[in-house]
Amino acid sequence: MDAFYASVEQRDNEALRGKPVAVGFPEARGVVSAASYEARTFGIRSAMPSLTARHKCPELIFVPPRFDVYHEVSMQIREIFMEYTDLVEPLSLDEAFLDVTVNRRQNPSASLLAKEIQQKINAQTRLTASAGVSFNKFLAKIASDYCKPRGFFVITPEEAEKFVEGLKIEQFFGVGKVTARKMHENRIYTGYDLKQRSEAELVRLFGKAGHLLYLNARGIDHRAVEPNRAVKSVSAETTFLKDKNNRMHLTVELYHLANEVFERMKEEDFQGKTVTIKVKYADFRTITRSRTFPRRLVQLQDCWPVVREMMKQVDLSARPVRLLGFGVSNADAGETEKYVQLELGF
């Protein structure tokens, strides 16, 4: 979806339309959750500190997030997808892959289906979506991001390899700032540069991800659309308005975070064996502490005594804490991969 959270706010509040809008809170420790396209012209983006965003655009309008509304709209869009195929793999509230190789419209043209879905989303939600059409997930994702907003882009099998060669490495799905920096250090700037490296060299540089990078550089992606993709972890974190170094206060905050995580685990029907505490200090140094249990955790009481002891081991003598997080992972879920013919990313 195009600037999903911000677009929902502009849809529901006429006074926000055509203006730079940021979903989030403007306080000192706030961050931007989403930015309207009007705000993006000032260089404002998601995850940017609110104060930085305000400096870039003094006229920026902050609105608090309404995640219940975003979830409701996301489910409405999901129902539209299900009118066409059962093979829908959500990536987030505002993004999904669709495999329309076989579809309920019995239409062999993925392009026509994509345009029809875009029109239906706009008619039913008054929001816009961008669509990318190709023969695998990697290319469909890139295509969906290629000409936002209201984008529509197709990458055919004949065009794929040449198209990927011309991409900046930052445009590769899954390549973040850290990986991009490492690639630049190794003189890899484009898909063409990446394609010149052997699979063994990419694995040496980037670990297991090197296998996928080698294939992606050639426009290859064997992953199938997974409509029932298992949840791999559940986590929550909070950034404090003022740094904290009182261990009792931090332990209380950690309990609330852990309780929130276990409530969400019930909703997701998820159970994991590994708990992780994340601590970001005032100087932005970040540490994590993890502990794995012999059995899956069902309720907070199953692990809280251990988590509390883990918190006691966190060093608070040198610097206060800016952010605290808690997560549960390691469900021992198996994974399979199959070849996929066609997806639509929106």
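What counts and how
- Here the residue index of a chain counts from 1 through its sequence in written order.
- Residue-level local features of this predicted model are given only where pLDDT is at least 70; pairs of side-chain atoms are given and counted only at 80 or more, and the full residue set underlies all totals for whole chains, interfaces and linings.
- Only hydrogens and water are removed before side-chain values are computed, so all heavy atoms of the structure are retained for them.
- Helix numbers and strand numbers start at the N terminus; a helix is a DSSP run of H or I with at least 4 residues, a strand a run of E with at least 2.
- It is over C-alpha atoms that the radius of gyration is taken, and the globule rule equals 2.2 Å times the number of residues to the power 0.38.
- Each residue is assigned to one of three classes by its accessible area relative to the maximum for its type, calculated with a 1.4 Å probe on protein chains only: buried under 20%, partly exposed between the two thresholds, exposed over 50%.
- Residue contacts are defined here by distance: any two heavy atoms, one from each residue, within 4.5 Å place the two residues in contact.
- Shrake-Rupley sampling with a 1.4 Å probe provides the accessible areas, and residues are treated as covered by the protein chains on show and by no other component.
- Counting rule for charge: Lys and Arg are taken as positive, Asp and Glu as negative, and neither His nor the chain ends is counted.
- Note on charges: their place is set at NZ of Lys, CZ of Arg, CG of Asp or CD of Glu.
- The arc under discussion is defined with respect to the helix axis, by the directions toward the C-beta atoms.
- Think of it this way: DSSP has to see at least two bridges between two strands before they count as a pair.
- The axes used here are C-alpha line fits, helices contributing only the stretch in contact, and every angle between their N-to-C directions lies in the interval 0 to 180 degrees.
- Note on angle classes: values under 35 degrees are labelled roughly parallel, values over 145 roughly antiparallel, values of 65 to 115 roughly perpendicular, and the remainder oblique.
- Left-handed is the label given to a crossing in which the near helix is rotated counterclockwise from the far helix by less than a right angle, and right-handed is the label when the rotation is clockwise.
- Residues are sorted three ways: Asp, Glu, Lys and Arg are charged, Ala, Val, Leu, Ile, Met, Phe, Trp, Tyr, Cys and Pro are nonpolar, and all the rest, Gly among them, are polar.
- Any pair of Phe, Tyr and Trp rings, taking the six-membered ring for Trp, is counted once the centres come within 6.5 Å. Such a pair is stacked with planes under 30 degrees apart, edge-to-face with planes over 60 apart, and tilted for the rest.
- Each ring is checked for a lysine NZ or an arginine CZ that lies within 6 Å of its centre and within 35 degrees of its normal; such an atom marks a charge sitting over the ring.

S.K.: What's the story with the overall build of the protein chain in this structure? I'm lost.
M.R.: Looking only at helices and strands, the protein chain features 13 helices and twelve strands. Its C-alpha atoms give the protein chain a radius of gyration of 22 Å, within 12% of the compact-globule value 20 Å for 346 residues. Along the longest, intermediate and shortest principal axes, the C-alpha atoms of the protein chain span 60 × 55 × 40 Å. Across the 346 residues in the protein chain, those meeting the buried criterion constitute 43%. Once local pairs closer than 6 in sequence are excluded, the contacts in the protein chain between residues at least 24 apart make up 61%. For the protein chain, the computed accessible surface area is about 18400 Å², with 50% contributed by carbon and sulfur atoms. The average position of the 51 basic charges and that of the 45 acidic charges among the side chains of the protein chain differ by 5 Å.

S.K.: Just checking my understanding: could you explain the environment of Met48 for this structure?
M.R.: Within the element layout of this structure, Met48 appears in the loop between α2 (37-40) and α3 (50-56). Met48 gets classed as buried once you look at its relative accessible area, which sits at 4%. Sequence spacing of Met48 and Val31 is 17 residues, and the spatial spacing of their C-alpha atoms is 5.5 Å.

S.K.: What exactly am I supposed to notice about helix α13 (residues 304-312) here?
M.R.: Each α-helix turn comprises 3.6 residues. Residues three or four places apart therefore point the same way. Those residues of α13 that sit buried are Trp304, Val307, Met310 and Met311. Projected down its long axis, α13 carries its buried residues within an arc of 115 degrees, all on one side.

S.K.: How should the sheet that holds strand β2 (residues 32-35) be read in this particular structure?
M.R.: Sheet strands associate in pairs through backbone hydrogen bonding, adopting either a parallel or an antiparallel arrangement. In space, the three strands of this open sheet follow the order β2-β1-β3, with mixed pairing throughout. Of all strands in the sheet, those with a lone pairing partner are β2 and β3 (61-63), marking the two edges. Across the sheet, the mean angle from the axis of one strand to that of its neighbour is 30 degrees, orientation sign disregarded. Bridge count for strand β1 (residues 21-24) against β2 is three bridges, and the pairing is antiparallel. Note on β2: the bridge partner recorded for Gly24 is Val32.

S.K.: Just checking my understanding: could you explain the packing of helix α1 (residues 4-12) against helix α4 (residues 67-82) for this structure?
M.R.: If you want to describe how two helices pack, look at the angle between their axes and the distance between the axes. Packing of α1 against α4 leaves a shortest axis separation of 10 Å and a crossing angle of 100 degrees. In terms of orientation, α1 and α4 fall into the roughly perpendicular class. Note on element contacts: α4 touches α1 through Phe67, Val69, Tyr70, Val73, Ser74 and Ile77, opposite Phe4, Tyr5, Val8, Glu9, Arg11 and Asp12.

S.K.: Any chance you could explain the packing of α4 against helix α5 (residues 110-125) here in plain terms?
M.R.: With their axes 10 Å apart at the nearest point, α4 and α5 run at an angle of 145 degrees to one another. Of the two possible hands of crossing, α4 and α5 adopt the one that is right-handed. On the side of α4, the interface is formed by Gln76, Ile77, Ile80 and Phe81, while α5 contributes Ile117, Lys120, Ile121, Gln124 and Thr125. Along the lines of polarity and charge, the residues of the contact of α4 with α5 split into five nonpolar, three polar and one charged.

S.K.: In this structure, what is going on with the sheet that holds strand β9 (residues 272-281)? I would like to understand it.
M.R.: The strand order across the open sheet built from four strands is β8-β11-β9-β10, with neighbouring strands paired in antiparallel fashion. Of all strands in the sheet, those bounded by a partner on one side alone are β8 (233-244) and β10 (286-297). Between one strand axis and the next, the sheet turns through 10 degrees on average, direction left out of account. Here β8 runs beside strand β11 (residues 321-329); their pairing, made up of eight bridges, is antiparallel.

S.K.: Mind showing me how you'd approach the packing of aromatic side chains here?
M.R.: Any aromatic ring pair is given by two values, namely how distant the centres are and how the planes are angled relative to each other. Enumeration according to the criterion identifies eleven aromatic pairs in this entry. Pairing Tyr146 with Phe153 gives two aromatic rings, centres 4.5 Å apart and planes at 35 degrees, and the pair type is tilted. Take Tyr146: its relative accessible area is 39%, and that puts it in the partly exposed class. The positively charged end of Arg105 is found above the aromatic ring belonging to Tyr84, 4.4 Å away from the centroid. Directly above the aromatic system of Tyr214 lies the positively charged group of Arg218, at a separation of 3.8 Å from the ring centroid.

S.K.: Just checking my understanding: could you explain the pairing of strand β5 (residues 95-98) for this structure?
M.R.: Two faces, one strand: in a regular strand the side chains alternate between the faces of the sheet. Across the two faces of β5 the burial is the same, with Glu95 and Phe97 and Ala96 and Leu98 all buried. Summarising the sheet, strand β4 (residues 88-92) and β5 pair through four bridges and their orientation is antiparallel. Each bridged residue has a counterpart across the sheet, and for Ser92 the counterpart in β5 is Glu95. Hairpin geometry of β4 and β5 is characterised by an intervening segment of two residues between the two adjacent antiparallel strands.

S.K.: So what exactly am I meant to see when it comes to unusual backbone geometry here?
M.R.: For residues that are not glycine, phi is negative in most cases, and the peptide bond is trans in most cases. Here the bond from Lys148 into Pro149 is cis, since omega is -5 degrees, no more than 30 degrees from zero. Here Pro149 is to be found in the loop between α6 (137-145) and β7 (152-154). Positive phi is not limited to glycine here, since Ala3 has a value of about 45 degrees. With respect to the helices and strands, the residue Ala3 is situated in the segment before α1. Here Ala3 falls in the buried class, since its relative accessible area comes to 6%. A positive phi is found at Arg150, a non-glycine position, where the angle reads about 55 degrees. For Arg150, a relative accessible area of 61% puts it in the exposed group.

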